[in-house]
Amino acid sequence: MYSLNVPVSGAVERLAADLHPKLTGFDRVRDRHAIVCKRFEADEADLHHLRERLRSALSPTPAFEARVTGIDAFETPTHGPGPVVYLAVESPGLRDLHARLVEAFGAVDDELEGPAYVPHVTLARDGPADAVDRLLATPVDPITWTVSELHLWSRARRETAWNVPVPR
């Protein structure tokens, strides 16, 4: 399994680090932060073929803006334990890219990748209601950055398998 991820800016990483003390009580706290653009069902042997298909599907993809707008939560996520707290992200360019890739490759999961796709940066999951409420009440200054690279993440290797530059 692979996912095409949008790396976050240093400012978003700093925000996640600043919020870390408020994540105590959650069973799973993320230490890596990115936005999943699209998932792919492919194994390690298919990497070369997936990269070639992606190269075509991503051409042309200009750089686009993404913006963290606040903190939100999925009370009942489509997979795994909830709630999931996350940084909400607005990005018309990311939504367009996601839709284009779903059209080219199909959806791995109709709930996650269909019309209800929600760009976000996961902070933590499976925590008590009071911790979720504290996070939701935390004011966050918006952070905007230009996405100029995408990462193809290998779940099996737990690392980036390919860096994809996005021209400015």
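Residues numbered from 1 in each chain as written. Predicted model: local features only at pLDDT ≥ 70, side-chain atom pairs only at ≥ 80, totals over all residues. Heavy atoms only, no water.

**Re the overall build of the protein**
Inference 1: When you go through the protein residue by residue, the secondary structure sums to five helices and nine strands.
Inference 2: Along the chain direction, N to C, the helices and strands of the protein fall in the order β-α-β-β-α-β-β-α-α-β-α-β-β-β.
Inference 3: Taking all 168 residues of the protein together, the buried fraction comes to 44%.
Inference 4: Positive and negative side-chain charges in the protein, numbering 19 and 25 respectively, have mean positions lying 4 Å apart. (Helix = DSSP H or I, 4+ residues; strand = E, 2+ residues; numbered from the N terminus. Buried < 20%, exposed > 50% of the residue type's maximum accessible area, 1.4 Å probe, protein only. Lys, Arg positive; Asp, Glu negative; His and termini not counted. Charge placed at Lys NZ, Arg CZ, Asp CG, Glu CD.)

**Considerations on the layout of surface pockets**
Inference 1: Its volume calculated, the largest pocket comes out at about 1400 Å³.
Inference 2: In terms of lining, the largest pocket is formed by 39 residues, of which the most central are Arg30, Val36, Arg39, Thr122 and Arg155.
Inference 3: Residues of the lining of the largest pocket, tallied by class, amount to 18 nonpolar, eleven polar and ten charged. (1 Å grid on protein atoms, 1.4 Å probe; cavity = no way out; pocket = protein on both sides within 12 Å on 5 of 7 lines; lining within 4 Å. Points joined across faces, edges and corners; volume = space filled by probe spheres on them. Nonpolar A, V, L, I, M, F, W, Y, C, P; charged D, E, K, R; others polar.)

**A closer look at the packing of aromatic side chains**
Inference 1: If you walk through the whole model with that rule in mind, you get two aromatic pairs.
Inference 2: Seen from their ring centres, Phe40 and Phe105 are 4.9 Å apart, and the 75° between their planes marks the pair as edge-to-face. One end of the pair, Phe40, is in strand 3 (residues 34–40); the other, Phe105, is in helix 3 (residues 92–105), with 65 residues separating them in the sequence. In terms of burial, Phe40 and Phe105 fall into one category: buried.
Inference 3: Residue placement shows Lys38 over the ring face of Phe40; its charged tip is 5.1 Å from the ring centre. (Phe/Tyr/Trp six-rings, centres within 6.5 Å; stacked < 30°, edge-to-face > 60°. Lys NZ or Arg CZ within 6 Å of the ring centre and 35° of its normal.)

**Describing the environment of Glu75**
Inference 1: By secondary structure assignment, the location of Glu75 is in the loop between strand 4 (64–74) and strand 5 (84–90).
Inference 2: Owing to a relative accessible area of 52%, Glu75 belongs among the exposed residues under this scheme.
Inference 3: In the structure, Glu75 is positioned 73 residues away from Ser148 in sequence and 32 Å away in space, judged by C-alpha atoms.
Inference 4: When neighbours within four sequence positions are excluded, Glu75 is seen to be in contact with Gly82, Pro83 and Val132. (Contact = heavy atoms within 4.5 Å.)

**Details of a positive patch on the surface**
Inference 1: A contiguous patch of positive charge on the surface is contributed by Arg30, Arg32, Arg155 and Arg158.
Inference 2: Within the secondary structure, Arg32 sits in the loop between strand 2 (28–29) and strand 3. (Patch = residues over 30% accessible without salt bridge, like charges linked within 9 Å, V, L, I, M, F, W, Y side chains within 5 Å. Areas by Shrake-Rupley, 256 points an atom, 1.4 Å probe, with all protein chains shown as cover. Salt bridge = Lys/Arg side-chain N within 4 Å of Asp/Glu carboxyl O.)

**Quick word on helix 5 (residues 129–136)**
Inference 1: Three or more residues of helix 5 are buried, namely Ala131, Val132 and Leu135. Along helix 5, the residues classed as buried sweep out an arc of 100° about the axis, all on the same side.
Inference 2: Those residues of helix 5 hidden inside the fold are in contact with helix 1 (10–19), strand 4 and strand 5. (Arc of directions from axis to C-beta.)

**Side note on unusual backbone geometry**
Inference 1: Residue Pro60 follows Ser59 across a cis peptide bond; omega there is -10°.
Inference 2: On the secondary structure map, Pro60 appears in the loop between helix 2 (47–57) and strand 4.
Inference 3: Backbone torsion omega between Gly82 and Pro83 reads -5°, so that peptide bond is classified as cis.
Inference 4: Within the element layout of this structure, Pro83 appears in the loop between strand 4 and strand 5.
Inference 5: Unusually for a residue other than glycine, Arg158 sits at a positive phi of about 55°.

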